[in-house]
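Residue-level structural notes
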Amino acid sequence: LTQYLSSLGFKIVATKGGRQILKAFREEKISLAIIDAELGDMTGEDVIMALRGSPLTHGVPMVMLSAKAFVFDIEHYLKLGVDRCITKPYTLADLATIARELIDNSKT
């Protein structure tokens, strides 16, 4: 994912867990967050709630990657504040298209 998006011109800040995601938002200018629902040290839900509660993330689009594909799971993620929920498996091309769309729309 990192290599593919980098090859398309996206600047990537890759992390290995929820706490690193939160740290990255404090240290970097981030235009889009792609967060897996299952992280080693935190759940994706916990990360989304922490990010949406911070003024540092105002207006930053967020995408949740999840293996949970039931409608009620997706609705739950959307209520938490994610802009899109992408169920696994997904294609890199589709994810790149969604990323570009969300970044471009957040600038308007």
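About the thresholds
Residues numbered from 1 in each chain as written. Predicted model: local features only at pLDDT ≥ 70, side-chain atom pairs only at ≥ 80, totals over all residues. Heavy atoms only, no water. Helix = DSSP H or I, 4+ residues; strand = E, 2+ residues; numbered from the N terminus. Buried < 20%, exposed > 50% of the residue type's maximum accessible area, 1.4 Å probe, protein only. Contact = heavy atoms within 4.5 Å. Areas by Shrake-Rupley, 256 points an atom, 1.4 Å probe, with all protein chains shown as cover. Axes fitted to C-alpha atoms, helices over the stretch in contact; angles between N-to-C directions. Parallel < 35°, antiparallel > 145°, perpendicular 65-115°, else oblique. Nonpolar A, V, L, I, M, F, W, Y, C, P; charged D, E, K, R; others polar. Pairing = 2+ DSSP bridges. Core = buried A, V, L, I, M, F, W, Y, C linked by side-chain atoms within 4.5 Å.

So, on to the overall build of the protein. Counting secondary structure elements, the protein contains five helices and three strands. What you see in the protein, going N to C, is helices and strands ordered as α-α-β-α-β-α-β-α. By its C-alpha atoms, the protein is 35 × 30 × 30 Å across when sized along the principal axes. By residue count, 35% of the 108 residues in the protein fall in the buried class. Long-range pairs, those at least 24 residues apart, make up 51% of the contacts in the protein between residues at least 6 apart in sequence. Working note: accessible area of the protein is about 6600 Å², and carbon and sulfur atoms make up 54% of it.

Omega for the peptide link from lysine 88 to proline 89 comes to -5°, which places this bond in the cis form. The residue proline 89 is located in the loop between β3 (84–87) and α5 (92–106) in this model.

A few words on the packing of helix α3 (residues 44–52) against helix α4 (residues 71–80). Remark: α3 packs on α4, axes separated minimally by 9 Å, with the N-to-C direction vectors making an angle of 25°. By the criterion of interaxial angle, the relationship of α3 to α4 is roughly parallel. Between α3 and α4, the residues in contact are Glu45, Ile48, Met49 and Arg52 and His76, Tyr77 and Leu80, respectively. Residues that form the contact of α3 with α4 fall into these classes: four nonpolar, one polar and two charged.

Its location among the elements puts leucine 8 in the loop between α1 (2–7) and α2 (18–27). The spatial distance from the C-alpha of leucine 8 to the C-alpha of glycine 18 is 25 Å, given a sequence separation of 10 residues.

Let us now look at the environment of glutamate 75. One can find glutamate 75 in helix α4. Considering only alpha carbons, one finds glutamate 75 and cysteine 85, 10 residues apart in sequence, at a separation of 8.8 Å.

Every regular strand shows the same layout, with side chains that alternate between the two sheet faces. For strand β2 (residues 62–66), the tally of buried residues reaches five of five residues, placing the bulk of the element in the interior. Summarising the sheet, strand β1 (residues 33–36) and β2 pair through four bridges and their orientation is parallel. Residue pairing for β2: isoleucine 34 is matched across the bridge by valine 63. The sheet contact formed by β2 and β3 spans four bridges and is parallel.

By size, the foremost hydrophobic cluster in this structure holds 19 residues, and its most contacted members are Phe25, Ile35, Val47, Ile48, Leu51 and Tyr77. The set of elements that each furnish at least two residues to this core consists of α2, β1, α3, β2 and α4. Among the elements that take part in this core, α2 stands out by supplying four residues, more than any other. Leaving out residues up to four positions away in the same chain, tyrosine 77 has contacts with Ala37, Glu45, Met64, Ser66, Lys68, Val82 and Cys85. Formed by 12 residues, the second largest nonpolar core is a distinct cluster that contains Phe10, Val63, Leu65 and Ile103.

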